[in-house]
Amino acid sequence: MDASVKYVATVNDESRVVEVTETNGLYRVSIGDEAWDVDARLTAQGIYSLLVDGVSHVADVTDRDGACVVEVGGEWYEITVEEQTRYIIRTRGGAAGGPRVQTLKAPLPGKISRVAVRPGDAVKAGDTLLVIEAMKMENEFKAAAAGTVAEVRVEVGRVVNAGDVLIVMA
């Protein structure tokens, strides 16, 4: 059975969606319209042997402050990789809108598993607003700025789609 996962890889402040499909221990890696067949094997601590479309490469991979530093053929790359859902939540999940009204919209489809606020509640930046379960993970949404909850448009158990308005703050 094929298992496909989408990641977002960031190199030099440029982020790209990378889809990795695994079939019988081999990988198909796609970025945009380009795709490569990859056989990757860990040969020693941090050293990978890669066969990319039939061409052999050796990659030295180390961790530096949460980023992967990869050396291939004398060239160095600092790459940050995160699962696409996490990237969407991190970059688009916060409150948005004008200076007086902030609207939290669902960045991805999921099911509301917890609502931590009610209309009239005062919140500080970083306070938990709600939790959405998506792709078997719980994703906690926090207030991006201080404010007062004006509306809560969801309840526990409700299924939401990307773009649905969840909470409005004043």
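Residues numbered from 1 in each chain as written. Predicted model: local features only at pLDDT ≥ 70, side-chain atom pairs only at ≥ 80, totals over all residues. Heavy atoms only, no water.

Could you give an account of unusual backbone geometry, naming the residues involved and the relevant values?
With glycine set apart, most residues show a phi of negative sign, and most peptide bonds adopt trans. The residue Asn24 is not glycine, and still its phi comes out positive at about 50°. Along the chain, Asn24 turns up in the loop between strand E2 (14–23) and strand E3 (26–31). (Helix = DSSP H or I, 4+ residues; strand = E, 2+ residues; numbered from the N terminus.)

Got a sec to walk through the sheet that holds strand E10 (residues 110–115)? Specific residues and values, please.
Reading across from one edge, E13-E12-E10-E15 is the order of the 4 strands in this open sheet, with antiparallel pairing throughout. Unpaired on one side and paired on the other, strand E13 (137–142) and strand E15 (159–160) mark the two borders of the sheet. Here strand E12 (residues 128–134) pairs with E13 via 6 bridges, running antiparallel. Bridging across to E13, Ala134 finds its partner in Met137. (Pairing = 2+ DSSP bridges.)

Account for the nonpolar core, naming residues and giving values.
Judged by nonpolar contacts, the single largest core of 19 residues is most densely connected at Leu129, Leu130, Ile132, Leu166 and Ile167. Where this core is concerned, the elements lending two or more residues are E12 and strand E16 (165–169). Here this core gets 4 residues from one element, more than from any other, and that element is E12. (Core = buried A, V, L, I, M, F, W, Y, C linked by side-chain atoms within 4.5 Å. Buried < 20%, exposed > 50% of the residue type's maximum accessible area, 1.4 Å probe, protein only.)

Talk me through the environment of Leu51; I want residue IDs and the actual numbers.
Along the chain, the position of Leu51 falls in strand E5 (residues 47–52). Here the alpha-carbon distance between Leu51 and Asp39, two residues 12 residues apart in the chain, equals 5.0 Å. The contacts of Leu51, once residues within four sequence positions are left out, are Asp37, Val38, Asp39 and Ser56. (Contact = heavy atoms within 4.5 Å.)

Account for the sheet that holds E16, with residues named and values stated.
The strand order across the open sheet built from 4 strands is E9-E16-E14-E11, with neighbouring strands paired in antiparallel fashion. Of all strands in the sheet, those bounded by a partner on one side alone are strand E9 (102–105) and strand E11 (122–123). Where strand E14 (residues 147–152) lies against E16, 3 bridges are found, and the strand directions are antiparallel. The residue bridging Val149 from the neighbouring strand is Met169, located in E16.

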